[in-house]
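Residue strings, one per chain:
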Amino acid sequence: QVQLVESGGGLVQAGGSLRLSCAASGRTFSSYVMGWFRQAPGKEREFVAAISWGGGTTYYADSVKGRFTISRDNAKNTVRLQMNSLKPEDTAVYYCAADNSPIFTIATEKYDYWGQGTQVTVSS
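Just so you know, these numbers come straight off a predicted model, no measurement behind them. (Residues numbered from 1 in each chain as written. Predicted model: local features only at pLDDT ≥ 70, side-chain atom pairs only at ≥ 80, totals over all residues. Heavy atoms only, no water.)

Visitor: Hey, could you run me through the pattern of salt bridges in this one?
Guide: A side chain with one charge may pair with a side chain of the opposite charge, provided their charged atoms come close. Applying the stated criterion across every chain, the model contains 4 salt bridges. Residue Arg-38 is joined to Glu-46 by a salt bridge in which the shortest nitrogen-to-oxygen separation is 2.6 Å. Across the pair Asp-90 and Arg-67 runs a salt bridge whose closest N-O atoms are separated by 2.8 Å. Here Arg-67 lies in the loop between strand S6 (58-60) and strand S7 (68-73) and Asp-90 lies in the loop between strand S8 (78-83) and strand S9 (92-99), a separation of 23 residues in the sequence. Arg-67 matches Asp-90 in its accessibility class, with the two residues each being buried. Among the charged side chains, a salt-bridge network with shared partners connects Arg-38, Glu-46, Arg-67 and Asp-90. (Salt bridge = Lys/Arg side-chain N within 4 Å of Asp/Glu carboxyl O. Helix = DSSP H or I, 4+ residues; strand = E, 2+ residues; numbered from the N terminus. Buried < 20%, exposed > 50% of the residue type's maximum accessible area, 1.4 Å probe, protein only.)

Visitor: Would you explain the side chain of Ser-52 in this entry?
Guide: Tracing the sequence through the fold places Ser-52 in the loop between strand S5 (46-51) and S6. Its relative accessible area of 6% is what places Ser-52 among the buried residues. Side-chain polar atoms of Ser-52 contact the backbone nitrogen of Gly-56, separated by 3.3 Å. Those residues in contact with Ser-52 that sit more than four places away from it in its chain are Thr-57, Arg-72 and Phe-104. (Polar contact = N/O pair within 3.5 Å; in protein donor to acceptor, adjacent residues only side chain to side chain. Contact = heavy atoms within 4.5 Å.)

What follows is the structure in structure tokens.
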């Protein structure tokens, strides 16, 4: 089992940057695919980015491709999401999640563990 704690959210103007971090407990962090998801008010939770066990493979939603970068440090049990060129439509609660399956997936329902979320607000 793994516990996830996000940090780094906040209020930023359009065009600005934020870096989200997710700290994971446990000694098997490298066995999890890690993902970032977000949920805006009145909308369903959606996939943002995912990274494979060793960090060699990443995948992004089309809406953030070229602006967001996911990375992980298995020695520090940490996954990060660097968000640049932020837009008002990026406003949401951002969640870190871990998937314990052997298949790299971006499907929300496949992720086993979730953090509590961190608010990101982008003003126009």
